[in-house]
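What follows is the residue order along each chain.
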Amino acid sequence: MISLIQITDPHLTENKKTEVRSWNTLSSFQRTVDCIKTNENPDFILVSGDISEDGTKKSYVAYQKGIERFEKPVFTILGNHDNHKNFHAVFGTKFSSVEKITLSESWLIITIDSTSMNKESGHITKQQMHSLRKLIANNKDKSLVICLHHQPIKMGFWIDQVGLENSDQFIASIANQSNVKAVVWGHVHHESESALGSIKMLSTPSTCYQFCGNAEKPDTNKPGYRKIKLFKSGKLETKVVRID
Ligand SMILES: [Zn+2]
């Protein structure tokens, strides 16, 4: 069994004391790392974008310091708030638009960069969609988790105005593909679990502020992360853990 943890949307800033929506995002991120270090023993960590609020190099340095403490492989994708150039400058690695990550003989993660220049909403290009379909077709004997920043389905609140623009094409590419076991995303700062046939569709709370999905009510849900257990048989179990 492989143990994977997804964290998302830390929204770190250049100045460590800057609050975003009344949150000190750095201390909230650090508490999340502490909580995972204390209570979990994941094999891998997956981070699904909006690493930074302001796209600054300093915010990525703070992130780097945080994830180093895991002492585990961490896979990061970027979100609409991120700055690819500054992320590269700090991490020194190119960020690929579609990537296959091998976790074991039986499990793969496919990451997709759904960001589009200067836009809050997301988009998957023709080329990316082609690569995704090819990876799904060429890995029929594996189990796949797909990760992107933007939500590919409707969440039922205002965040849907800035979701994945061509979600219909994405859904058509994965529907009825029995090797696709789950799709996970960030961006919505909100926990949800639904199904597309046998595929689990999962959104995960941010490590900082939450969107509750109801404009009438304040967003009082706590930060959190998602635990995902991947079994050799292709079975997947998951749950969200909240942090005080
Ligand atoms: Zn976010």
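Remember, predicted model here, so these are calculated numbers, not experimental data. (Residues numbered from 1 in each chain as written. Predicted model: local features only at pLDDT ≥ 70, side-chain atom pairs only at ≥ 80, totals over all residues.)

Once that is clear, we can look at the overall build of the chain. Secondary structure summary: the chain contains 5 helices and 13 strands in total. For 244 residues, the compact-globule formula gives about 18 Å, and the C-alpha radius of gyration of the chain, at 17 Å, lands near that figure. C-alpha extents for the chain along the principal axes are approximately 45 × 35 × 35 Å. Split into buried and exposed, the 244 residues of the chain put 38% on the buried side. (Helix = DSSP H or I, 4+ residues; strand = E, 2+ residues; numbered from the N terminus. Rg over C-alpha atoms; globule rule 2.2 N^0.38 Å. Buried ≥ 20, exposed ≤ 12 C-beta atoms within 10 Å, placed from the backbone.)

Ordered by their spatial adjacency, 5 strands build an open sheet running β5-β4-β1-β12-β13, and the pairing between neighbours is mixed. Each having just a single partner strand, β5 (74-77) and β13 (236-242) make up the two edges of the open sheet. Sheet twist, expressed as the average angle between the axes of neighbouring strands with direction ignored, equals 20°. Pairing of strand β12 (residues 224-230) with β13 involves 7 bridges; the strand directions are antiparallel. (Pairing = 2+ DSSP bridges. Axes fitted to C-alpha atoms, helices over the stretch in contact; angles between N-to-C directions.)

With 44 residues, the main nonpolar core has Ile146, Cys147 and Val183 as its most contacted residues. Among all residues touching Val183, those that are not within four sequence positions of it are Ile146, Pro152, Ile174, Ile199, Met201 and Leu202. (Core = buried A, V, L, I, M, F, W, Y, C linked by C-beta atoms within 7 Å. Contact = placed C-beta atoms within 7 Å.)

Each α-helix turn comprises 3.6 residues. Residues three or four places apart therefore point the same way. Its 12 residues place the ends of helix α2 (residues 57-68) 16 Å apart at the C-alpha level, agreeing with the 16 Å of an ideal helix rising 1.5 Å per residue. Contacts from the buried residues of α2 go to α1 (25-39) and α3 (84-91). (Expected span 1.5 Å × (residues − 1).)

The next point concerns the sheet that holds strand β10 (residues 192-196). Here 6 strands make up an open sheet; going across it, the order is β6-β7-β8-β9-β11-β10 and the pairing mixed. The open sheet has two edge strands with one neighbour each: β6 (98-102) and β10. Sheet twist, expressed as the average angle between the axes of neighbouring strands with direction ignored, equals 20°.

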